[in-house]
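Architecture at a glance
Here is what each chain is made of, one letter per residue.
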Amino acid sequence: MEDFDKIEVPTLSIKERLHLEKYLPTTKKTGRSLSRALGYKIDDTSNKHIEQLKQYEEFYQYYPYFARVLI
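The following refers to the structure shown. (Residues numbered from 1 in each chain as written. Predicted model: local features only at pLDDT ≥ 70, side-chain atom pairs only at ≥ 80, totals over all residues. Heavy atoms only, no water.)

1. Observations regarding helix 1 (residues 14-21)
Worth spelling out the cut-off: Each residue is placed in one exposure class: buried if its accessible area under a 1.4 Å probe, protein chains only, is under 20% of its type's maximum, exposed if it is over 50%, and partly exposed if it falls in between. Each helix corresponds to a stretch of at least 4 residues labelled H or I by DSSP, and each strand to a stretch of at least 2 residues labelled E; elements are numbered beginning at the N terminus. Of all possible arcs, the one meant is that of the directions from the helix axis to the C-beta atoms. Contacts between residues were defined by any pair of non-hydrogen atoms, one from each residue, lying within 4.5 Å.
Here helix 1 has its buried residues at Glu16, Arg17 and Leu20. Projected down its long axis, helix 1 shows its buried positions confined to an angular sector of 100°, all on one face. Every exposed residue of helix 1 that faces more than 90 degrees away from the buried side is listed here: Lys15 and Leu18. For helix 1, the secondary structure elements touched by its buried residues are helix 2 (32-38) and helix 3 (46-59).

What follows is the structure, given as structure tokens:
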């Protein structure tokens, strides 16, 4: 049986994503550099906050982007 990783990326606004993407990709993928760049916590606990940003670093290129468009 294969082991699966739980993917739990944070819910970010478009403004937050654009700000963080200036710092991506990172070399270490620990979540700490994005945490410093963001300047505030996106979760109540430090461990969860860092873990979510770490996951975002790993999967940001696959993160869906939803926007309202006029056709």
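Right, picking up where we left off after that structure.
2. So, the environment of phenylalanine 59
Within the secondary structure, phenylalanine 59 sits in helix 3. We classify phenylalanine 59 as partly exposed; its relative accessible area is 22%. Sequence separation between phenylalanine 59 and glutamate 8 is 51 residues, and the spatial gap between their C-alpha atoms is 9.7 Å. Contacts of phenylalanine 59, omitting those with residues within four sequence positions, involve Ile7 and Val9.

3. Re helix 3
How we decide: A helix is expected to span 1.5 Å for every residue after the first.
With 14 residues, helix 3 extends 20 Å from end C-alpha to end C-alpha; this agrees with the ideal 20 Å at 1.5 Å per step. Regarding helix 3, the residues found buried are His49, Ile50, Gln52, Leu53, Gln55, Tyr56 and Glu57. Along its buried surface, helix 3 packs onto helix 1 and helix 2.

4. Structural notes on the side chain of glutamate 57
What counts is decided by this rule: All tallies of charge rest on Lys and Arg as positive and Asp and Glu as negative; His and the ends of each chain are not included. Definition used for salt bridges: Asp or Glu carboxyl oxygen within 4 Å of a side-chain nitrogen of Lys or Arg.
Mapped onto the secondary structure, glutamate 57 falls in helix 3. An unpaired buried charge is present at glutamate 57: no salt bridge exists, and lysine 29, the closest side chain of opposite charge, is 6.9 Å distant.

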